[in-house]
Every structure is written in C-alpha cells, then in structure tokens.
Amino acid sequence: MSNLRIQNLEIIQKKAVNRMYQNNWIGTLEMATGVGKTFTAFKVLYKASKQISIKTVSFYAETSTREFTLKEEAEKFNRIYDLNPLEDFDFTFKCYQGKNTDECDAAIFDEIHETLTEKYQVCLNIIAKVKVGLSATIPQNLPVYRDVDNSITKGELLQQLCPIVFSYPLDQAIKDGILSRFETTIHKHKLDYVDRCIPANKAGTWKTTEANYYSWRQIEIKKPGTRTFMKGVLAKQCCKLLYNLPSKVKIVKDYLKDNKKTIIFGVELAILEKITDNVVKGGVKDEANEVLITKFNNSDITNIASCKKLKQGITLNGVERCIIVAYYSKSQHMIQQLGRIVRWAEGKIGELIIIVTEDTYEEKWIQELQKVKDKNGNIIKIINLNVKQ
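Residues numbered from 1 in each chain as written. Predicted model: local features only at pLDDT ≥ 70, side-chain atom pairs only at ≥ 80, totals over all residues. Heavy atoms only, no water.

**Looking at the packing of aromatic side chains**
All chains considered together, the criterion is met by 15 aromatic pairs. For the pair F42 and F77, a centre-to-centre distance of 5.2 Å together with 70° between the ring planes defines the contact as edge-to-face. Pair noted here: F42 is in helix α2 (residues 37–48) and F77 is in helix α3 (residues 65–81), with a separation of 35 residues, a long-range link. Residues F42 and F77 agree in their burial class; the two are buried. With 6.0 Å between their ring centres and 10° between their planes, Y60 and Y96 make a pair best called stacked. Here the residue Y60 occupies a position in strand β2 (residues 56–61), and Y96 occupies one in the loop between β3 (90–95) and β4 (106–109), the gap between them amounting to 36 residues. Above the ring of Y21, the side-chain terminus of K47 is found at 5.5 Å from the ring centroid. Sitting above the plane of the Y213 ring, R217 keeps its charged end 3.6 Å from the centroid. (Phe/Tyr/Trp six-rings, centres within 6.5 Å; stacked < 30°, edge-to-face > 60°. Helix = DSSP H or I, 4+ residues; strand = E, 2+ residues; numbered from the N terminus. Buried < 20%, exposed > 50% of the residue type's maximum accessible area, 1.4 Å probe, protein only. Lys NZ or Arg CZ within 6 Å of the ring centre and 35° of its normal.)

The following block contains the structure:
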C-alpha cells in the first residue's frame, strides 16, 4: 500500500471524525466499502472519549457473522495504531433482529440502512452519548412503512434520528485512487429449450423448458381478461424462474475454471448451491460461515457465494471478480456488490460480470440497477458500470 494512499485515507477518515465532532458525536458516515468505515468508527470512539466518558459500546449489525469480522478488524486496527478498541471499551455485539435498546455510552450501527424499517428503527432510539451510523449507500427514496400513502422515506427517517454528516461515494474513492478501478462484462444469455422439471409452486413442478415456461406466462399476463391477481402470480413465477435458471449454472462454472478469487451473488440459495459448495447462508451455525470466509481470505478456496450475508459488513481479501447470477432492480444492491471488487490492490482492475437473460425482465432490471433515485423517484445519478465493449 503506497504511502500517499495511506496519507489520503487518513485525511478522509479524519474529516469524517471531525464532522462527527461538529454534530455532537451523532451522525451517519456514508462511505464506500473499502474506505475504512469501521476504522473510522473506532477513531470516533477514541476522540470522543477525550471529551466525554465512554465505557460501554453497543455494536449493532444485520447478521451475527459480523461479530467475527469485527474482531479481525479490531486486531488489524491494533497492529496499525497500537490501540485495541475491544479491550479499551466494553463492547457488546447485538443484531438488529433482537431490537435490544439497553442504554450505553456509545452505539455503532453497522449498515445503518438496515434499521430504517418499521420493525428495526427502534434500535436508533437507544440512549447513548455517541451514535455512529455506517453505510456505503442509503436508499433515500424507499418508504419506511409499506402500503402507506405519503410514507416517510428511509432517507428522511435517517436525517431525523442519525443524520448523514459525511459522505464519500464509490466513484469519488476510485477517482482519488483510494479504491481500485473495475470493468463490467454483460454476459448475454438466452432461455434454453432443454426439458426440465421446473418448480411451479409448493405443490409440484412443470415438465417443460425454460423458454416455454417463461413465454407461456408472459402470454397469459398480456391476455385481455386476465385478472390483476393472476397477473401478479404469473409474474412472480417468471421472477422465480429467472432467480434459479439452471442454464446459468454452467456459465458460472466455466468462469470459475481459471481459479480467480470470485464472489458470486444470487437471490435464492438453490442456484448458488448448484454452482459451488462454498455458500455462506443463514440457518447454519456461525462457525460454518466463518470457516468459509477464513478459507477464502487465506486463499484455500477461490470462490464463495451468498445471497445477502456477503453483500455488506464483511471483509473479503483479494477478490478479483464478482459474478451476479441473479438480482433485484435496486441500485443499492449494485453499489454494495461493487464494493466487493474495488478494495485497493496495486495495479488491480476488478472484474464484474452480470448475466443478463435476453427478452426477459432481466433486461429491464439491469437498467434499473444503475439508477439512483430520490424520494420522488427522480433519477439523480446513473452508476457508471464501465461496461467493456
């Protein structure tokens, strides 16, 4: 790591800490993955502790796997600065799902955008002298409450409870040389005509091809007289097919043959488990996921996959390539996934591969993934994917 880059990184983190000081130690740091959000939060604790008494710290996160990587980051922080935050402060790790709001001196909200829901916003009401929110991207335009007209948006709620005081986005970090550049390959794909048993619902499967399964449902959706409810059912079946396309499995496996360190993202576990044995997932003991993450970071395995658990809050070393095999149409997910391949390395150009199935919803989704919108749904920014021609 070059001395100039280290100096620039320290300057950025110092600016973030100063913004927290100026806002009386309550605020959110919206910083690109790889810029050192957790390190910055540690620095906030140490600077704030010179002014106010800080003994107890609650660290909130979306998943319990984050506790494992928090310890690793604290050890790295200790090696660099000769300060061990987990020893200097009484840390308690908490998941948002527990909705634990016991009073503490300081609270760190990892991926704070996960609290911006009707269910978990209670965590932000915790009584603490210091509140540090961390996120790579805040979904400004999404409503907090579902099915409520004129609902407050997540961005508005955050501004009320833990406002953004410092922002350092992905494109700026790449421009400044803090993060590595990346290039995107759009791998175009077609539904195939191979007979398969395709799950239709909980009751059974359809013996048909991907192309026939999808096209029949699209015909029914467009047919005059099809009820709105049934259109919704048919559209969901089309989406589920796209999330689990068997024909995509071989495409991804072919990419993996070169043994580049690769992270694979999907929407559902079914397709990921057909691609690799190295799937980080919920419903298993934390130790099992931690073993996979450690093996990947030590290069004992060269690929790892996940639906949600690896998108954010987890440090993965040396990722060269990210393959998105299935996706939603939200720019927030795209920004989080990009964060996996832009962690800085000398001379590195990260590789992003998005598999797009032609003549399906995916063509629309890939366009929506690149659009960042405000609370009124207006496009305020287009994510530059640097697509290879």
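**Some thoughts on the sheet that holds β3**
With respect to topology, 6 strands assemble into an open sheet ordered β3-β2-β4-β5-β1-β6, the strand pairing being parallel. Where the open sheet ends on each side, the last strands, each with one partner, are β3 and β6 (164–168). Sheet twist, expressed as the mean angle between neighbouring strand axes with direction ignored, is 15°. Pairing analysis gives 4 bridges linking β4 to strand β5 (residues 130–135), with the strands arranged parallel. Across the sheet, I108 pairs through a bridge with V132, a residue of β5. Along the sheet, α3 makes contact with β2 and β3, crossing β3 at roughly 150°. (Pairing = 2+ DSSP bridges. Axes fitted to C-alpha atoms, helices over the stretch in contact; angles between N-to-C directions. Contact = heavy atoms within 4.5 Å.)

**Focus: the packing of helix α1 (residues 3–22) against α2**
For the pair α1 and α2, interaxial distance at closest approach is 9 Å and the crossing angle is 50°. Relative to α2, the element α1 is oriented oblique. In the packing of α1 onto α2, the handedness of the crossing is right-handed. Every residue of α2 that contacts α1 at E10, Q13, A16, V17, N18 and M20 is listed here: F39, T40, K43, V44 and K47. (Parallel < 35°, antiparallel > 145°, perpendicular 65-115°, else oblique. Left-handed = near helix turned anticlockwise from the far one by under 90°.)

**Some thoughts on the environment of I80**
In this fold, I80 is placed in helix α3. The sequence separation of I80 and G177 amounts to 97 residues, and the corresponding C-alpha distance is 21 Å.

**A few points about empty space enclosed by the protein**
Counted according to the given criterion, the structure contains 2 cavities of 30 Å³ or more. By volume, the largest cavity is sized at about 90 Å³. Lining the largest cavity are G266, V267, C307, K308, K311, A326, Y327, Y328, H333, Q337 and L369. (1 Å grid on protein atoms, 1.4 Å probe; cavity = no way out; pocket = protein on both sides within 12 Å on 5 of 7 lines; lining within 4 Å. Points joined across faces, edges and corners; volume = space filled by probe spheres on them.)

**So, the pattern of salt bridges**
Overall, the coordinates contain 17 salt bridges when judged by the stated rule. Here D110 makes a salt bridge to R66, at a shortest N to O gap of 2.9 Å. Placement of the pair is D110 in the loop between β4 and β5 and R66 in helix α3, with a sequence separation of 44 residues. Each member of the pair D110 and R66 is classed as buried. Ionic pairing is found between E220 and K223, a salt bridge with its closest N-O pair at 2.8 Å. (Salt bridge = Lys/Arg side-chain N within 4 Å of Asp/Glu carboxyl O.)

**Focus on the sheet that holds strand β13 (residues 321–324)**
With parallel pairing, the 6 strands of this open sheet are ordered in space as β7-β14-β13-β10-β12-β11. A strand with exactly one partner marks an edge of an open sheet, and here the two such strands are β7 (181–189) and β11 (279–280). Relative to strand β12 (residues 303–306), β11 is paired through 2 bridges, and the arrangement is parallel. Opposite V279, over in β12, you have A305 as the bridge partner.

**What about unusual backbone geometry?**
Negative phi is the rule for most residues except glycine; trans is the rule for most peptide bonds. A positive phi is found at N259, a non-glycine position, where the angle reads about 65°. Topologically, N259 is positioned in the loop between α9 (247–256) and β10 (262–265). Not every positive phi belongs to a glycine, and D359 is a case in point at roughly 60°.

**Thoughts on the packing of helix α7 (residues 210–222) against helix α8 (residues 228–243)**
Where α7 contacts α8, the two axes come as close as 9 Å, and the packing angle between them is 155°. With respect to each other, α7 and α8 are oriented roughly antiparallel. Where α7 crosses over α8, the handedness of that crossing is left-handed. Residue-level contacts link E210, Y213, Y214, W216, R217, Q218, E220 and I221 of α7 to K231, L234, A235, Q237, C238, L241 and L242 of α8. Broken down by class, the residue content of the contact of α7 with α8 amounts to 9 nonpolar, 2 polar and 4 charged. (Nonpolar A, V, L, I, M, F, W, Y, C, P; charged D, E, K, R; others polar.)

**Overview of the layout of surface pockets**
As a volume, the largest pocket reaches approximately 980 Å³. In this structure, the largest pocket is lined by 44 residues; those nearest its centre are F39, E73, K76, T315 and R343. At the level of secondary structure, the elements contributing two or more residues to the lining of the largest pocket comprise α1, α2, α3 and α11 (286–297). Of the residues forming the lining of the largest pocket, the biggest block, 9 residues, is contributed by α3. Looking at side-chain class alone, the lining of the largest pocket contains 14 nonpolar, 15 polar and 15 charged residues.

Functional significance is not addressed by these values, which are geometric in nature.
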